[in-house]
Amino acid sequence: MVRILLYALILLLVPPAMADNRTLRVGYLDFPPYLYRNDAGEADGIFVNLTRQVAAEAGYQLEFQFLPAARAYQYLETGRIDLWQGFVDDPTLKDLVLESMARPINVEYGVWYLHDTPEPLRFTDFHGTLMITITGYNYAGMAQYLAQSSDIQSVNTPSHRSALDMLERGHGDFLLDYRDPVEEELLFKPVPSIRFTPLWVREAGWLFSRAAGNAEQRVQDFDAAWQRLRERGEIFPPEPPENVVPLEGMPLMGLWSAD
């Protein structure tokens, strides 16, 4: 009886991921068409479905949890989630995660602006302007740069939709955001004469929490599964990114070579 009680106590104290190393707690956010919560309240999207396919090949089961970006970083740091589907080479996460070698997603990001705003040709064209950004996004270090800049003002808003509304109402000169999620929003509610200038292309991968344990093995398992699926022709690597040329004078930081 004592042994049974001790075993039950251990199960209560051990985190679920340690009790079952083949079940991964996966964080995701609202980033359509790659990641989003569908009408049934379930994780969905291009990247989510790829994650399911690769995890099944690697012998893992998944439990998805919808999180704001800022909370996801905290959960990765404490090991409350095992896996984050996100951009690689993120300076905020470099000590918290191990990244997969696989890069299944490429996403452009840049600035959105209205027709009466001149197209930016060099980074100094942003000086003296107000830049709208999404709360919780660090844009590979650009958010920190803007927060410290005396040349460019920035204002945060919680979603792509609210950011577009601010831009349309003249509450900012530029919106710094990713291309695909904004285009998804524009399908539902267009903004007349909106334009986009790409600044860089970011690669996404599978980021495993160091604090959750077994990160090295999990990375190896996912990379091996990705490679097997590619060799069998069941999945395909992303299309090479377009030739996005950084603006003249763009600051060097994080993953930027002008990023």
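Up top is the structure these notes are about.
Calculation notes
- Residues numbered from 1 in each chain as written.
- Predicted model: local features only at pLDDT ≥ 70, side-chain atom pairs only at ≥ 80, totals over all residues.
- Heavy atoms only, no water.
- Buried < 20%, exposed > 50% of the residue type's maximum accessible area, 1.4 Å probe, protein only.
- Helix = DSSP H or I, 4+ residues; strand = E, 2+ residues; numbered from the N terminus.
- Pairing = 2+ DSSP bridges.
- Contact = heavy atoms within 4.5 Å.
- Axes fitted to C-alpha atoms, helices over the stretch in contact; angles between N-to-C directions.
- Parallel < 35°, antiparallel > 145°, perpendicular 65-115°, else oblique.
- Polar contact = N/O pair within 3.5 Å; in protein donor to acceptor, adjacent residues only side chain to side chain.
- Core = buried A, V, L, I, M, F, W, Y, C linked by side-chain atoms within 4.5 Å.
- Salt bridge = Lys/Arg side-chain N within 4 Å of Asp/Glu carboxyl O.

(A) Local environment of the pairing of strand β5 (residues 83-87). For β5, the tally of buried residues reaches 5 of 5 residues, placing the bulk of the element in the interior. Pairing between strand β1 (residues 23-28) and β5: 2 bridges, direction parallel. Bridge pairing links Val26 to Leu83 in β5. Sheet topology note: the β5/strand β11 (residues 195-209) ladder contains 5 bridges and is antiparallel. Within β11, the position partnered with Gln85 by the bridge is Trp206.

(B) Expanded view of the pairing of β1. Here β1 lies mainly inside the structure; 6 of its 6 residues are buried. Side chains Thr23, Arg25 and Gly27 of β1 all project onto a buried face; the interleaved residues Leu24, Val26 and Tyr28 project onto the opposite face, where all are buried too.

(C) Main features of the side chain of Thr157. Residue position: Thr157 is located in strand β9 (residues 153-157). Residue contacts for Thr157: discarding those within four places in its chain leaves Ile132, Thr133, Ile134, Thr135, Ser162, Ala163 and Met166.

(D) Structural detail: the packing of helix α3 (residues 46-58) against helix α8 (residues 215-231). Close contact between α3 and α8 brings their axes to 8 Å; oriented N to C, the two are set at 100°. On the basis of their axis angle, the class for α3 and α8 is roughly perpendicular. Along the contact surface, α3 presents Leu50, Thr51, Gln53, Val54, Ala55, Glu57 and Ala58, while α8 presents Asp221, Phe222, Ala225, Trp226, Arg228 and Leu229.

(E) The environment of Asn138, seen in detail. Inspection of the secondary structure puts Asn138 in the loop between β8 (130-134) and α5 (142-148). Asn138 gets classed as buried once you look at its relative accessible area, which sits at 7%. Distance from Asn138 to Thr92, taken between C-alpha atoms, is 8.1 Å for residues 46 residues apart in sequence. Contacts of Asn138, omitting those with residues within four sequence positions, involve Tyr73, Asp90, Thr92, Ala143, Gln144 and Arg202. Within the structure, Asn138 has its side chain in polar contact with the side chain of Tyr73 (distance 3.1 Å).

(F) Summary view of the nonpolar core. Core analysis: the largest hydrophobic core is formed by 77 residues, its most contacted members being Phe31, Leu176, Trp206 and Phe222. For this core, the element with the highest residue contribution is β11, accounting for 7 residues. Not counting the four nearest positions on each side in its chain, Phe31 is found in contact with Phe87, Val107, Tyr137, His160, Tyr178 and Pro181.

(G) Geometry of the pattern of salt bridges. Going through the model one piece at a time under the given rule, you end up with 14 salt bridges. Linking Arg103 and Glu99 is a salt bridge whose minimum nitrogen-to-oxygen distance equals 3.8 Å. What makes Arg103 partly exposed here is its relative accessible area of 21%. For Glu99, a relative accessible area of 26% corresponds to the partly exposed category. We note a salt bridge from Asp165 to Lys189, for which the minimum N-O separation is 3.4 Å. A residue pair is termed long-range when its members are at least 10 positions apart, and Asp165 in helix α6 (residues 160-168) and Lys189 in the loop between α7 (179-188) and β11 qualify at 24 residues. Since its relative accessible area comes to 15%, Asp165 is described here as buried. Overlapping salt bridges bring together Glu57, Arg228, Arg232 and Glu234 as one network.

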